[in-house]
Amino acid sequence: MKKLVVAFGLLLNFNAFAEYGVNMTEGVTSVSRDIYGLHMMVFWVSVAIAIVVFGAMFYSLYAHRQSKGAVAANFHESTKAELVWTVVPIIILIGMAVPASKVLIDLEDTTKAEMSIKITGHQWKWQYDYPKEGISFISNLSQDSRDAVNGTDAGRENADNYLLNVDKRLVLPVDTSIRFLITSNDVIHNWWVRDFGVKQDANPGFINDAWAKIDKIGTYRGQCAELCGKDHGFMPIVVDVVSKADYKKWVVKQQAAKAAVVASATKTWSKADLMAKGETVYNANCAACHQKTGLGLPPVFPAMKGSKIANGPVADHINIVLHGKGAMPVFKILNDVDLAAVMTYERNAFGNTGSVVQPSDVKSAR
Amino acid sequence: MSKEQAYYVPHGTYWPIIGSIGIATLFVGFANQMHGVEWGGSVMALGFAITVFMMFGWLGQVVNESVSGIYNSQVDRSFRWGMSWFIFSEVMFFAAFFGALFYARQLSVPWLGGADNNIYTPELWNGFKTGWDAIAFTTPGATLQSGVEMSVPTQLVNTWGLPALNTLLLLLSGVTLTFAHHALRAGHRHQIIGWLVATIALGSAFLGFQIMEYGHAYHDGLKLTSGIYGSTFYMLTGFHGFHVTVGVIMLTVILYRIQKGHFTADNHFGFEGVAWYWHFVDVVWLGLFIFVYWL
Amino acid sequence: MTTTHDEHHHGPEKGLMRWIKTTNHKDIGSLYMWFAFTMLLIGGAFAMGIRAELLQPGLQLMEPQFFNQLTTMHGLIMVFGAIMPAFVGLGNWLIPMMVGAPDMALPRMNNWSFWILPFAGGILLSTFFMEGGAPAFGWTFYAPLSTTFAPDSTDFFIFAVHLLGFSSIMGAINIIATVLNMRAPEMKLMDMPLFVWTWLITSFLLIGAMPVLAGAVTMMLTDRNFGTAFFDATGGGDPVMFQHIFWFFGHPEVYIMILPAFGVVSHIIPTFARKPLFGYSSMVYATASIAFLSYIVWAHHMFLTGMPVAGELYFMYATMLIAVPTGVKVFNWVSTMWRGSMTFEAPMLWAISFVFLFTIGGFSGLMLGIAPADIQYHDTYFVVAHFHYVLVTGALWSIIAATFYWLPKWTGKMYNEKLAKVHFWWAVISVNVLFFPQHFLGLAGMPRRIPDYSLQFADFNFISSIGGFAFGASFILLTYIVIDCIRNGKPASARPWEGAKGLEWTLEPKAQYHSFNTPPSRKLIEAESQNS
Ligand code: HEA
Ligand code: HEA
Ligand code: CUA
Ligand SMILES: [Cu+2]
């Protein structure tokens, strides 16, 4: 009930609209501002036409009522009038088409780019590759949002940016012309960040591109915008736009971390360490389908508990996780340690009795 | 009621509901068959039988009514409109598959090779070679998303072998059918039967050669699973072959009806409807020959 | 040659068999209408499920997968089960009477067109009970989500679509044959009422578009089961190709659902303005232009698939062009009202609100048509708002308007005008509470087809859901009004609306089971023509 009151209060109070977001954002790139301009132009033109058309209609509804004694006229044709209302709309439309074409041609031109990011959609997470810098990672819905989905109202309010937060953000430099190369690994996704004016389908087998030159430091959020299956609503995008200097620092740090992982992949891990790491990796990457409980969602997503593969030979297990099968994604993108950990976890959690998988096993299977 | 203004309105009928049950059964059986359900095949066969029964019954009723002279020229015209727009809908059905063919040849295959705004795509397909017939040969990773292994043909169908012969046969059959029509108009019964038999023979020969050609192609590894080339090849020629089969069956029925003396020189919609259908199948083949086999 | 078995044609058979065996256009029309209404309730119940889950953030009622099933089936059932059959039903009932014919041209096939539908609908709905659940890939079923990544029930969905396609194609053929061949000999094409015109043109859309849909689902079927690669890049295909084929059908499809609506409104407005329809011939040409354009704009649904720029520009221009003939229609309706002598019975209220609300939906359509701007609109609730304004307050509105307008002719009785007015205001207010806030949601960034949303969208979703429940409940009243009319309505006169024109009003109050056994005269046709 309280909500209802708030809601209707809101409807009456136009100032509150801005706060609650009723209009398109202007965004932080030239493209997004152009789009906003087009949007507002077409909107106001429509309003103007509506005022004229509906004005005439309501006037006649009011003035030409039988109850007021109106007597029907008998005219039913006027070539002149019809010519006017064919030609005038055409002129208006041409007036809209010209600026729209300019914006379109500009936003499709990605040749000015100074750097590229490759974005790959997976069911239901994003993979980001920095080809030149050799950085590559996966970005999942953050765990607190995931936990709050079926939880309480308070849980959702406490979750940091409920449903719009990820475990690892895309980091981009400010004032740099960036080309996004967008593709998918399974079904069609769509990478959308409102504030950049970038929304582009991720088609499996093809690469689409888009560009943005972001002129304000900050955090920007978006969502997958193409139905991609069960968790389509749960694959957000978060981008940290940082100064060029900070960006360089970030790159160096990522590269160092990667080197550390490569180093640790050569050593032999203890089962306990693998299990602990494996649980996190599992919850982030696998639980969407196979479920936290390991029970899966048969018949589409098999259970891990009692799975023949998870309890069988290591080679088969590594094979399906590395190479995928049908709706089971390819997980080459995870590093050897994560993969070894997650498989060890799958083989020993949920009452399973499989062996331990070492990073070196994964490495040699690649 | 006045004579010139007579409308024909038929009685109630059971055939449609039987037909609905028939095709619904057919489809449900088919779907189950594909999912490996034991009884799928038999249910499918049952549905097919019901459908065939309905066709016999319904069309038989129409034929009887027509022969007993209760139709007027208006009904005849309705049938004509019906048949022509039905054929148009068939044209649009084939258009979807031709559309797929053109799209794949002109757009998606070149794009996969990096044409136009897809310059970055080859990154995904190291070693991809573009080119229409090459598609099934050089795509790396020869397993489709669905897990099906792609079949790589060793050679493609030779345009100037069986397909060219088949083109000749079908074109010829169009001509013989037209002769049959002329004979019908002129009331020469023996000639009609002769030309019709010739048409049916040509159509059947076409089908025979088509099956032979499929045999060769299959042997050379050109299968439904040979990528988009195999997909469009078999779906287009397959649906066409199916239409030829239906056409041959219909022509046979017409032959039978002619022997029964159903048609007169100026009242023979049944014949003409089938003839239109046959010419349509003919024209589709020309499209196939040019775009699937030749270019 | 004389007519046949005239003595059998006085009245309908008795019992259930009447409905199963019938070849009478009025019976079949009624069957279609009741079928469509049932589907509307089922599809509406799914929508209530959607709105209930979206009432608040978080997942309260269902799993995401089930939510997607509801969305998908809601779209499919409404489009193929409710709106299209309702229009075919109206066409069946009205076209023979409007062109002065005794029945449809191919009455037995007419029966089949209908009796396929319950089977198709049954197969479609039965997927809910299958392993893996109903289709969950949206009513647009984009590959590969609907091919490699879909449950087995998808094959049943595919066959249901095939059946629906057969039905629609046969129905369209029948209407073409009826209009062109059964029309009273004295009636010229430019004498035909607009509802007949719009349906004739719609039939061409159906015959051109439905087979392409059949082709699309057939390719899906083979991709799923026989290893073809139409929509798989690994084999040289392209998932975007699916979208091209689908929307080549899909866009004409949305006009299939609106052209007959234009026809209905073009009857009701002149009647209650007591003034001839303004610009009859331009209405006809505008309808034809819309139909033509609808075949060449399909990729405006695909601005973000990565089409080449030239393609996007072309589809943007073509899309914008549609505003011109549609505008002609809107202006003509307003001109018809202008200086009329208006009264506001229920059908008129629905028709006026149609003009108002459909145009709002048209404007948002135009905004979507601006390709660069579509970047921000695409796949958000702005699109959802757009198409519900054109579909619910457009197509569905006209169906309700038509029901009230012709109900006296169908039943020979009058509905309860007071209740009908209450129902109208209830519906028109709640539907706006339901769909208007969705514009804001979309602009603020809420994607469509999501079962849960971040907290800033909570308030508008809440309002929208409340409006949804209220709108849903209005259908209970509608059902009551219609049944009450059939059971207890006061007898209506043959021409219950003062300004109504059209051959159907020259029949008995409840149109006789076989009307126009002899074609109407030229004089009568001219007197009842909209083009005079
Ligand atoms: C009855 C159904 C119907 C109708 C009539 C329309 C009418 C129009 N539609 Fe709509 N549309 C849908 C049903 C319909 N649509 C559906 C179901 C979808 C979503 C599908 C899905 O993805 O699930 C959709 C989606 C959709 C999109 C894709 C959005 C996206 O997914 O990103 C676009 C883009 O261009 C679009 C455009 C238009 C246009 C330009 C019109 C025009 O015809 C509107 C013309 C009317 C007017 C403009 C108003 C009256 C005119 C005047 C008063 C004259 C003066 C006006 C001017 C000069 C501006 N529609
Ligand atoms: C063709 C016509 C049509 C009609 C009439 C409607 C009617 C309605 N639609 Fe529909 N809708 C579509 C076509 C239509 N829709 C399409 C094509 C989609 C896209 C699907 C997709 O994304 O794939 C869609 C998607 C869609 C969504 C977006 C879902 C999503 O993206 O996740 C929503 C959400 O609010 C919605 C809501 C409604 C509501 C509340 C109604 C109401 O108007 C319904 C009112 C009717 C009733 C409620 C039934 C009658 C009443 C009873 C049975 C009484 C008892 C009921 C209760 C009160 C519980 N629709
Ligand atoms: Cu990924 Cu939606
Ligand atoms: Cu469209």
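Residues numbered from 1 in each chain as written. Chains lettered and ligands numbered in written order. Predicted model: local features only at pLDDT ≥ 70, side-chain atom pairs only at ≥ 80, totals over all residues. Heavy atoms only, no water.

Draft legend 1. How the structure looks around the pattern of salt bridges. This structure, assessed with the given rule, holds 19 salt bridges over all chains. B:D76 is the salt-bridge partner of B:R80, the closest N and O atoms lying 2.8 Å from each other. Placement of the pair is B:R80 and B:D76 together in helix α3 (residues 73–112), with a separation of 4 residues, close to one helical turn. C:E526 is the partner of C:R522 in a salt bridge, and the nearest nitrogen-oxygen pair spans 2.8 Å. (Salt bridge = Lys/Arg side-chain N within 4 Å of Asp/Glu carboxyl O. Helix = DSSP H or I, 4+ residues; strand = E, 2+ residues; numbered from the N terminus.)

Draft legend 2. How the structure looks around the coordination of the copper ion (ligand 4). Residues and elements named next belong to chain C. Around the copper ion (ligand 4), the donor atoms from the protein are H251 (ND1), H300 (NE2) and H301 (NE2), and they sit 1.8 to 2.1 Å away. Sequence spacing among the residues donating to the copper ion (ligand 4) works out to H-x48-H-H. The distance between the copper ion (ligand 4) and the iron atom of ligand 1 comes to 4.6 Å. The exposure class of H300 is buried, given its relative accessible area of 13%. Judged by its relative accessible area of 22%, H301 falls in the partly exposed class. (Donors = N, O, S within 2.8 Å, 3.2 Å for Na, K, Ca; no water. Buried < 20%, exposed > 50% of the residue type's maximum accessible area, 1.4 Å probe, protein only.)

Draft legend 3. Spotlight on the coordination of the iron atom of ligand 1. Donation to the iron atom of ligand 1 from the protein comes from one atom only, C:H386 (NE2), at 2.2 Å. Along the chain, the position of C:H386 falls in helix α14 (residues 381–411).

Draft legend 4. Up close: the interface of chain A and chain C. Between chain A and chain C, the contact holds 96 residues from the first and 98 residues from the second. Counting each side, the surface lost to burial between chain A and chain C is near 8,500 Å², with a carbon and sulfur contribution of 70%. Taken as a group, A:F75, A:W85 and A:L227 account for 8% of the area that chain A buries against chain C, more than any other trio of residues on that side. The interface formed by chain A and chain C holds 24 residue pairs in polar contact (both at pLDDT 80 or more) in total. The set of elements that each furnish at least two residues to the side of chain A that touches chain C consists of α1 (2–12), α2 (15–20), α3 (30–63), α4 (79–108), α6 (153–158), β6 (189–193), β7 (198–202) and β9 (218–224) of chain A. Considering every element that reaches the side of chain A that touches chain C, the biggest residue donor is α3(A), with 16 residues. (Contact = heavy atoms within 4.5 Å. Buried area = accessible area lost by both parts, 1.4 Å probe. Polar contact = N/O pair within 3.5 Å; in protein donor to acceptor, adjacent residues only side chain to side chain.)

Draft legend 5. Structural detail: the site of ligand 1. Close to ligand 1 lie 33 residues, the nearest being C:W139, C:Y255, C:D374, C:H378 and C:H386. Chains contributing residues near ligand 1 are chains A and C. At a separation of 3.4 Å, an oxygen atom of ligand 1 approaches a polar backbone atom of C:L368. Between ligand 1 and C:R448 there is a distance of 2.8 Å, counted from an oxygen atom to a side-chain nitrogen or oxygen. Of all the secondary structure elements, the ones that give two or more residues to the shell around ligand 1 are α7 (239–256), α11 (323–337), α12 (346–369) and α14 of chain C. Of all the elements, α12(C) adds the most residues to the shell around ligand 1, at 8 residues. When grouped by side-chain class, the residues that make up the shell around ligand 1 number 19 nonpolar, 12 polar and 2 charged. (Near = heavy atom within 4 Å. Nonpolar A, V, L, I, M, F, W, Y, C, P; charged D, E, K, R; others polar.)

Draft legend 6. Geometry of the interface of chain B and chain A. On the chain A side, the residues contacting the 10 residues of chain B number 13 residues. Around 940 Å² of area is buried between chain B and chain A when both sides are counted, 57% of it from carbon and sulfur atoms. Of all residues in chain B, B:Y120, B:L124 and B:Q145 give up the largest surface area on contact with chain A, accounting jointly for 58% of the area buried on that side. Where chain B meets chain A, there are 0 salt bridges. The interface formed by chain B and chain A contains 3 residue pairs in polar contact (both at pLDDT 80 or more). Each residue belonging to the side of chain B that touches chain A can be placed in one class, and the counts come to 5 nonpolar, 4 polar and 1 charged.

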